[in-house]
Amino acid sequence: MSSRLKVLLVRNNFPKKAIDLLSTRFDLEVCKMSNINGKSVTTQDIIDCIPGKFALFCFSEIDVNEAVLKAAGPNFKVVGTMSVGYNHVDLTAMKKYGVRLGYTPGVLTETVAELAVGLVIATSRRFFEANRELKTGGWKEWNPTWMCGRGISNSVVGIIGCGNIGTSIAEKLSKFKISQLLYTSRCEKPDVKALGGRLVSVDVLVKSSDFIVVAMALNEDTKFIVNRDRIASMKPNAILVNVGRGELIDQDALVEALQEKRIRGAGLDVMTPEPLPLDHPLMTMDNVLLLPHIGSSTLETEDEMAMLTAQNILAVLDGKPMPCEVIL
C-alpha cells in the first residue's frame, strides 16, 4: 500500500501536464461519480470520497462547504480551485478548519476579455441570429433594413468591475473609437484613466452606457448589482454583456426587459442556473446570445490554470507560500 498523501480530483479529464506533475508527489483519486453517464459530481459524492485526502482539485461549479471539510478529516490541508472566482468555497468554514485555498487569478485575463469583446460584437451585430436565418432559408435577398445591428464606434461603453479582466476589456474596446468610457471600481484605475476612462457609480454607468459589460467577482456585496431598478434605468438601445457570474444580474428582471424590448439585447457567458434549462425563456429570444460559460476555454489557458492549481497544492505539501492563495 502506498504511503503517499492523496489528492481527490473532481474530474478525470483535467489537463494531463498538471496531473502528471501532481502524480510525482501524490496518489490521485477521481471522485467516483465524475463523468459517469454525463452526470456531474455532487457535494455528496465529494463527501463520500474525500475522507483521508490531503487536497481537493476542483473548479468553480463544485461547492466546498463545511460538510465537505468536516468529512475530509484532519489530514485535509488545501483546496485548489481551477478558477479565478471562489464564491463556491465557504471561506468561513475553510478558516475554521485551517484549510488553505489556492486559485488561479491573472491566467485567464486575456482569454475572458477576448470573449467579452466577442460577445459585444456578436450581440450588437446579431451574428447568431443572422447565421440562423442563413441556414434556415431566411436569407432571400438584400434588404437595407434587414439584420441591422449597431456599431461600437461613437458609443458609450461602461464596464462594471475594472479589475484585471475589466481593464483588459477597456483596453480592447477603447480601440473602437468609442465616444466615452465609463467604469466602476473601488478606486481609480490609472491604466483605465489613461484610456480616457471615467470612474463613476453603477447607477450613472447603467443610465449612460450603450454597452454595459459586467466583469466583476461575485460576493455578498455584488450579488444582483445589476438589479431590477438599474435594468429599468438603462437606455432602450443598451446591450448588456456578462462574463462575471450569473447572480451579478437579476436574471428575472433581465428576461422581462428583453421580452418587452426595453433594452436592445444581452450577451451572456454566465447565467443562473448553469446549465440553463432548455425551456428557460432566455433560450427562445432573438435578442439574446448565450454561451455555455466558456470564458476561459482556450487550450492554452486551461493548461496554465491547471498547472497553477497543481503548483498551489504542491506548495502546501512543501510548506511554502502558494503562487496564488486566497488569504482567509
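Residues numbered from 1 in each chain as written. Predicted model: local features only at pLDDT ≥ 70, side-chain atom pairs only at ≥ 80, totals over all residues. Heavy atoms only, no water.

## Overview of the packing of aromatic side chains
Evaluation of the coordinates by the stated rule reveals 4 aromatic pairs. Aromatic pair Phe14 and Phe57: ring centres 4.4 Å apart, planes at 50 degrees, arrangement tilted. Here Phe57 lies in strand β3 (residues 55–58) and Phe14 lies in the loop between β1 (6–9) and α1 (16–23), a separation of 43 residues in the sequence. Taking relative accessible area as the criterion, Phe14 reaches 10% and is therefore assigned buried. Between the aromatic rings of Phe14 and Phe59, the centroid separation amounts to 6.4 Å while the plane-to-plane angle is 70 degrees, which identifies the pairing as edge-to-face. Of this pair, Phe14 sits in the loop between β1 and α1 while Phe59 is found in the loop between β3 and α3 (66–72), placing the two residues 45 residues apart along the sequence. Each member of the pair, Phe14 together with Phe59, is buried. Three or more aromatic residues joined by ring pairs make a cluster, and in this case those are Phe14, Phe57 and Phe59. (Phe/Tyr/Trp six-rings, centres within 6.5 Å; stacked < 30°, edge-to-face > 60°. Helix = DSSP H or I, 4+ residues; strand = E, 2+ residues; numbered from the N terminus. Buried < 20%, exposed > 50% of the residue type's maximum accessible area, 1.4 Å probe, protein only.)

## Description of the sheet that holds β1
Through backbone hydrogen bonds, the strands of a sheet pair up, either in parallel or in antiparallel fashion. With mixed pairing, 6 strands are arranged side by side in an open sheet as β2-β1-β3-β4-β5-β13. One side of each edge strand has no neighbouring strand; the edge strands of this open sheet are β2 (27–30) and β13 (325–326). Direction of pairing for strand β4 (residues 78–81) relative to strand β5 (residues 100–102): parallel, over a ladder of 3 bridges. Paired with Val78 across the strands is Arg100, a residue of β5. (Pairing = 2+ DSSP bridges.)

## Re the UniProt feature "domain: D-isomer specific 2-hydroxyacid dehydrogenase NAD-binding" (unreviewed entry) in the protein chain
Following the UniProt record, one finds the feature "domain: D-isomer specific 2-hydroxyacid dehydrogenase NAD-binding" (unreviewed entry) at residues 117–295. In this annotation, residues 117–295 is assigned 29% helix and 16% strand; the end-to-end C-alpha distance for the span is 11 Å. (UniProt positions renumbered as here; feature names shortened; annotations may be inferred.)

## Quick notes on the packing of helix α5 (residues 109–124) against helix α7 (residues 164–173)
At a minimum axis separation of 8 Å, α5 and α7 run at an interaxial angle of 50 degrees. In this view, α5 runs oblique relative to α7, as classed from their interaxial angle. Crossing hand, α5 versus α7: right-handed. From α5, Thr109, Glu110, Val112, Ala113, Glu114, Ala116, Val117 and Val120 reach across to α7, where they touch Asn164, Ile165, Ser168, Ile169, Lys172 and Leu173. (Axes fitted to C-alpha atoms, helices over the stretch in contact; angles between N-to-C directions. Parallel < 35°, antiparallel > 145°, perpendicular 65-115°, else oblique. Left-handed = near helix turned anticlockwise from the far one by under 90°. Contact = heavy atoms within 4.5 Å.)

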